[in-house]
Amino acid sequence: MENHTALLNTAAASNLGQMLVKICQDDGVPLINVVRKPEQVETLKKLGAEYICDTSSDSFMADLVDAIVATGCTLGFDATGGGNGGKLPGQILAAMEIAANKTATEYSRYGSDTYKQVYIYGGLDMQPTVLNRSFGLQWGLGGWLLTPMIGRIGMERFGEMRARVAREINTTFASHYTQEISFEEMLQPEIIRGYAKQATGEKYLVYNNGHKAMGNKKSKYFEIGGSLDFLDIDHNQPLIHNSSEKNLLNIIIYSTDIRSIKNTYTNGIKRGNDIDLR
């Protein structure tokens, strides 16, 4: 829609990031993965990711510029909102500008003519976003939410995307969990401290009806993770996808009785240990 040919994603070793690696491989889209630990580099290498940049490395900026030159990437999605001391979105734009100027034929005080865009779609890092404006004047930094995007692409395209998620729910879009917990356990302070960290590779699955859900197609369960989804397993279709603004108790609900579960656990305000369960 914006005529980009490659993309960049931060927090790339997350469940979502790993899904994106597989999607881009299937669709032939060049992808730059930004992580913050060497072990996360290894995780993505095992998936076959080609371009991986580690913010903890001394060569991070040089590696990022090289990856952007190789892919022609001018579009980034940042899940941190800050990252790397609040500088990550600005570093991405700066690296895109450096890459663009490597092929410039003349100097301009206004920077390159290449338009560069970074969208912030998460708030994993609550530090202020810091921009050191070293990337000319052809750039944009904005927020990104799924619901407005659905309005732009139309319901037909959205339906195709939902069908793909349902079709590949156990492969491309499969999630991995650190621990299964009950609704009662979800409100225990020590459990809250675990999932509130929103740490990569530490996703929790919340089960209902007094039994664990994994492996039981008919059971109802919630995933504490990056977004709010409802999946009708009987009809093999996602019903709702809505990004959370709170980034704490974001839930995926799989259910054959969506209405009762939604009314019980997502309408109104349920309070426990000062956490707003809206």
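For clarity, every value in this text was computed on a predicted model and none was experimentally measured.

Enquirer: Please explain the overall build of the chain as it appears in this structure.
Expert: A count of helical and extended segments in the chain gives 9 helices and 14 strands. Counting across all 278 residues of the chain, residues that qualify as buried make up 47%. Partitioning the intrachain contacts of the chain with sequence separation of at least 6 by distance along the chain shows that 61% fall at a separation of at least 24. Surface exposure of the chain reaches about 14900 Å², of which carbon and sulfur atoms provide 50%.

Enquirer: I would appreciate a short explanation of the side chain of Q40 in the present structure.
Expert: As for its placement among the helices and strands, Q40 is situated in helix α2 (residues 38-46). Residue contacts for Q40: discarding those within four places in its chain leaves A13, V35 and T200.

Enquirer: Before we go on, may I ask you to explain the packing of helix α3 (residues 60-71) against helix α4 (residues 88-101) in this structure?
Expert: A pair of packed helices can be characterised by two numbers: the angle between their axes and the separation between those axes. Close contact between α3 and α4 brings their axes to 9 Å; oriented N to C, the two are set at 55°. In terms of their interaxial angle, α3 and α4 are classed as oblique. Read as a crossing pair, α3 and α4 show a hand that is right-handed. Each of F60, M61, L64, V65, I68 and V69 in α3 lies in contact with α4, whose residues at this interface are L88, Q91, I92, A95, M96, I98 and A99. Of the residues belonging to the contact of α3 with α4, the class tally is 12 nonpolar, 1 polar and no charged.

Enquirer: Would you mind showing me how to read the sheet that holds strand β6 (residues 139-143) here?
Expert: Sheet strands line up and pair through hydrogen bonds in the backbone, either parallel or antiparallel. With parallel pairing, the 6 strands of this open sheet are ordered in space as β3-β2-β1-β4-β5-β6. Of all the strands in the sheet, the pair left with one neighbour each is β3 (51-54) and β6. Taking each pair of neighbouring strands and ignoring which way they run, the sheet shows an average axis angle of 20°. The sheet contact formed by strand β5 (residues 116-120) and β6 spans 5 bridges and is parallel. Paired with K116 across the strands is W139, a residue of β6.

Enquirer: For this particular structure, what's the right way to read the pattern of salt bridges?
Expert: One pass over the structure, following the stated rule, counts 5 salt bridges. Between K116 and E97 there is a salt bridge whose closest N-O contact spans 2.8 Å. On the criterion of sequence distance, the pair formed by K116 in strand β5 and E97 in helix α4 is long-range, its members being 19 residues apart. Like E97, K116 is buried. Salt-bridge contacts for R157 lead to E160; the nearest nitrogen and oxygen are separated by 3.2 Å. A residue pair is termed a helical-turn pair when its members lie 3 or 4 positions apart in one helix, as R157 and E160 do in helix α6 (residues 155-167) at 3 residues. Residue classification places E160 among the partly exposed positions, given a relative accessible area of 41%. Among the charged side chains, a salt-bridge network with shared partners connects D27, R164 and E168.

Enquirer: How do you make sense of the nonpolar core when you look at a structure like this?
Expert: Looking at soluble globular proteins, one finds that nonpolar side chains tend to be buried together. Of all hydrophobic cores here, the largest spans 20 residues; its most connected members are L8, I32, L64, I68 and I92. When residues of this core are traced back to their parent elements, those giving at least two are β2 (31-35), α3 and α4. At 7 residues, the largest contribution of residues to this core is made by α4. The contacts of I32, once residues within four sequence positions are left out, are L7, L8, N9, Y51, C53, L64, A67, I68, T71 and C73. Of all hydrophobic cores here, the second largest spans 15 residues; its members include V35, V41, L44 and I52.

Enquirer: Can you help me understand the packing of aromatic side chains in this one?
Expert: Geometrically, a pair of aromatic rings is defined through the distance of the ring centres and the angle of the planes. Summed over all chains, the structure comprises 4 aromatic pairs. Here F77 and W144 contribute two aromatic rings whose centre-to-centre distance is 6.0 Å and whose plane-to-plane angle is 90°, an arrangement assigned as edge-to-face. Of the two residues, F77 is situated in strand β4 (residues 75-78) and W144 in the loop between β6 and α5 (146-153); the sequence distance between them amounts to 67 residues. Residue F77 is classed as buried on the basis of its relative accessible area, which comes to 17%. Exposure remark for W144: the relative accessible area of 23% places this residue in the partly exposed category. A network of ring pairs unites the aromatic residues F77, Y119, Y121 and W144 as a single cluster.

What counts, and at which threshold
Residues numbered from 1 in each chain as written. Predicted model: local features only at pLDDT ≥ 70, side-chain atom pairs only at ≥ 80, totals over all residues. Heavy atoms only, no water. Helix = DSSP H or I, 4+ residues; strand = E, 2+ residues; numbered from the N terminus. Buried < 20%, exposed > 50% of the residue type's maximum accessible area, 1.4 Å probe, protein only. Contact = heavy atoms within 4.5 Å. Areas by Shrake-Rupley, 256 points an atom, 1.4 Å probe, with all protein chains shown as cover. Axes fitted to C-alpha atoms, helices over the stretch in contact; angles between N-to-C directions. Parallel < 35°, antiparallel > 145°, perpendicular 65-115°, else oblique. Left-handed = near helix turned anticlockwise from the far one by under 90°. Nonpolar A, V, L, I, M, F, W, Y, C, P; charged D, E, K, R; others polar. Pairing = 2+ DSSP bridges. Salt bridge = Lys/Arg side-chain N within 4 Å of Asp/Glu carboxyl O. Core = buried A, V, L, I, M, F, W, Y, C linked by side-chain atoms within 4.5 Å. Phe/Tyr/Trp six-rings, centres within 6.5 Å; stacked < 30°, edge-to-face > 60°.

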